[in-house]
Amino acid sequence: MDRCAAAYAYHKQGYNCAQSVAGAFADLTGTAPEQLMAAMGGFGGGVGGSHEELCGAVSGGVLVLSLLHPHTDGEDRAGKVRLYARAKEFRRRFQEVFGLTRCGDLLRARPGVTERNPASRRLGVTAHCDNMIVTAVEILEQMLREEEAG
């Protein structure tokens, strides 16, 4: 499955950045796409279209990590630490590619497609948010491959 292409297609269908990223991982998370779309609906555009908060593509990625590595026991401090480390690493890698993680800052900077986000280049992505979405999925996939490799 080409998750980058799936996320790109979701965005073209009108879903926001957070929904598009999360939806591309529905099969892995065991969550129906409709549930993911509902959960992430308000996170697009830096929360409610405000452009003031975290990029929706990053928010969608953090949800995916949270579903794949659930912290459901408040007393499980080690599980919380592991999940936080994954989320922090995902955010760091996104920031490493684009230099920023806040929606409004990214919109102003308009970082383009480079050798640092090959999936966007492969898919012929040119629109700003599509680039954020495809790159977030690409980073998540890399992190999941690394986890599998041990």
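Our subject in this report is the structure included herewith. Because the structure is predicted, anything quoted here is derived from the model rather than measured. (Residues numbered from 1 in each chain as written. Predicted model: local features only at pLDDT ≥ 70, side-chain atom pairs only at ≥ 80, totals over all residues. Heavy atoms only, no water.)

1. Some words on empty space enclosed by the protein
Following the criterion strictly, the structure yields one cavity of 30 Å³ or more and no others. Put simply, the largest cavity is a space of about 40 Å³. Cys17, Cys55, Gly56, Cys103, Leu106, His128, Cys129 and Met132 together form the lining of the largest cavity. In terms of residue count, helix 9 (residues 128-149) provides more of the lining of the largest cavity than any other element does, three residues in total. Its residues placed into classes, the lining of the largest cavity shows six nonpolar, two polar and no charged. (1 Å grid on protein atoms, 1.4 Å probe; cavity = no way out; pocket = protein on both sides within 12 Å on 5 of 7 lines; lining within 4 Å. Points joined across faces, edges and corners; volume = space filled by probe spheres on them. Helix = DSSP H or I, 4+ residues; strand = E, 2+ residues; numbered from the N terminus. Nonpolar A, V, L, I, M, F, W, Y, C, P; charged D, E, K, R; others polar.)

2. Looking at helix 6 (residues 77-98)
Given a rise of 1.5 Å per residue, 22 residues ought to cover 32 Å, and the 32 Å separating the end C-alpha atoms of helix 6 matches this to within 8%. Residues Gly79, Leu83, Ala87, Phe90, Arg93, Phe94, Val97 and Phe98 constitute the buried set of helix 6. One side of helix 6 carries all its buried residues, which in axial view fall inside an arc of 130 degrees. Pointing more than 90 degrees away from the buried face of helix 6 are the exposed residues Arg77, Val81, Tyr84 and Lys88. In this structure, the buried side of helix 6 is in contact with helix 5 (56-68), helix 7 (103-109) and helix 9. (Expected span 1.5 Å × (residues − 1). Buried < 20%, exposed > 50% of the residue type's maximum accessible area, 1.4 Å probe, protein only. Arc of directions from axis to C-beta. Contact = heavy atoms within 4.5 Å.)

3. Looking at the environment of Thr126
Among the secondary structure elements, Thr126 is positioned in the loop between helix 8 (118-123) and helix 9. Assessed through its relative accessible area of 76%, Thr126 is described here as exposed. Distance in space between the C-alpha atoms of Thr126 and Glu89 is 26 Å, their sequence separation being 37 residues.

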